[in-house]
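The primary structure of each chain is shown beneath.
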Amino acid sequence: QVQLVESGGGSVQSGGSLRLSCAASGSSFSNYAMGWYRQAPGKQRELVARIFSGGVTNYADSVKGRFTISRVDAQSMVYLQMNNLKPEDTAVYYCNAASNLLGIHWGQGTQVTVSS
């Protein structure tokens, strides 16, 4: 089983940048697809970006060209670089680890607030 801890959230003005980090503990990190999800008040949780073992990535249309997901398997870390932030990016951001064999795991979330 893997435990996930997010960090790096905060408050920024529109157009600013933040970098979220997700530290994973436990075994078999490289076997997980890692993702970032977000949930705004009154809305469903949605996928922001995902990265598979080997480095293949996919992004929500709303963040393409602005956000970049990366992973460092040797350090069991996943990052989300967020540039040109917009007020509609305001949400709690969650780190996710998913594997058909090992299950699905979530972090506790980190708040991102973007003011106009």
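This is a predicted model, so every value here is computed, not measured. (Residues numbered from 1 in each chain as written. Predicted model: local features only at pLDDT ≥ 70, side-chain atom pairs only at ≥ 80, totals over all residues. Heavy atoms only, no water.)

**A few points about the overall build of the chain**
In step 1: If you tally the helices and strands in the chain, you get 0 helices and 11 strands.
In step 2: Reading the chain from its N terminus to its C terminus gives the helix and strand order β-β-β-β-β-β-β-β-β-β-β.
In step 3: A compact globule built from 116 residues would reach a C-alpha radius of gyration of about 13 Å, and the chain, at 13 Å, matches this within 12%.
In step 4: In the chain, which comprises 116 residues, the share counted as buried stands at 41%.
In step 5: Summed over all atoms, the accessible surface of the chain reaches about 5,900 Å², with 48% contributed by carbon and sulfur.
In step 6: Within the chain, the 6 negative side-chain charges are centred at a point lying 1 Å from the centre of the 9 positive side-chain charges. (Helix = DSSP H or I, 4+ residues; strand = E, 2+ residues; numbered from the N terminus. Rg over C-alpha atoms; globule rule 2.2 N^0.38 Å. Buried < 20%, exposed > 50% of the residue type's maximum accessible area, 1.4 Å probe, protein only. Areas by Shrake-Rupley, 256 points an atom, 1.4 Å probe, with all protein chains shown as cover. Lys, Arg positive; Asp, Glu negative; His and termini not counted. Charge placed at Lys NZ, Arg CZ, Asp CG, Glu CD.)

**Some details on the sheet that holds strand S1 (residues 2-7)**
In step 1: Pairing is antiparallel in the open sheet, where 4 strands are placed in the order S1-S3-S8-S7. Each end of this open sheet is capped by a strand with a single partner; those strands are S1 and strand S7 (67-72). Taken over all neighbouring pairs, the strand axes of this sheet differ in orientation by 15 degrees on average, direction set aside.
In step 2: With 6 bridges connecting them, S1 and strand S3 (residues 18-26) associate as antiparallel partners. Pairing of Leu4 across the sheet is with Ala24, part of S3. (Pairing = 2+ DSSP bridges. Axes fitted to C-alpha atoms, helices over the stretch in contact; angles between N-to-C directions.)

**Some remarks on the environment of Ala49**
In step 1: Here Ala49 shows up in strand S5 (residues 46-51).
In step 2: Put simply, Ala49 and Ala97 are 48 residues apart on the chain and 12 Å apart in space, counted from C-alpha to C-alpha.
In step 3: When near neighbours in sequence (up to four residues on either side) are disregarded, Ala49 contacts Met34, Gly35, Trp36, Asn58, Tyr59, Ile69 and Leu80. (Contact = heavy atoms within 4.5 Å.)

**So, the pattern of salt bridges**
In step 1: One pass over the full model with this rule turns up 5 salt bridges.
In step 2: For Asp89, the salt bridge is made with Arg66, and the minimal N-O distance between the two is 2.7 Å. Within this pair, whereas Asp89 is found in the loop between strand S8 (77-82) and strand S9 (91-99), its partner Arg66 is found in the loop between strand S6 (57-59) and S7, the two being separated by 23 residues in sequence.
In step 3: Residue Arg71 pairs with Asp73 through a salt bridge whose shortest N-O separation is 2.7 Å.
In step 4: Here the salt bridges do not stand alone but share partners, grouping Arg38, Glu46, Arg66 and Asp89 into one network. (Salt bridge = Lys/Arg side-chain N within 4 Å of Asp/Glu carboxyl O.)

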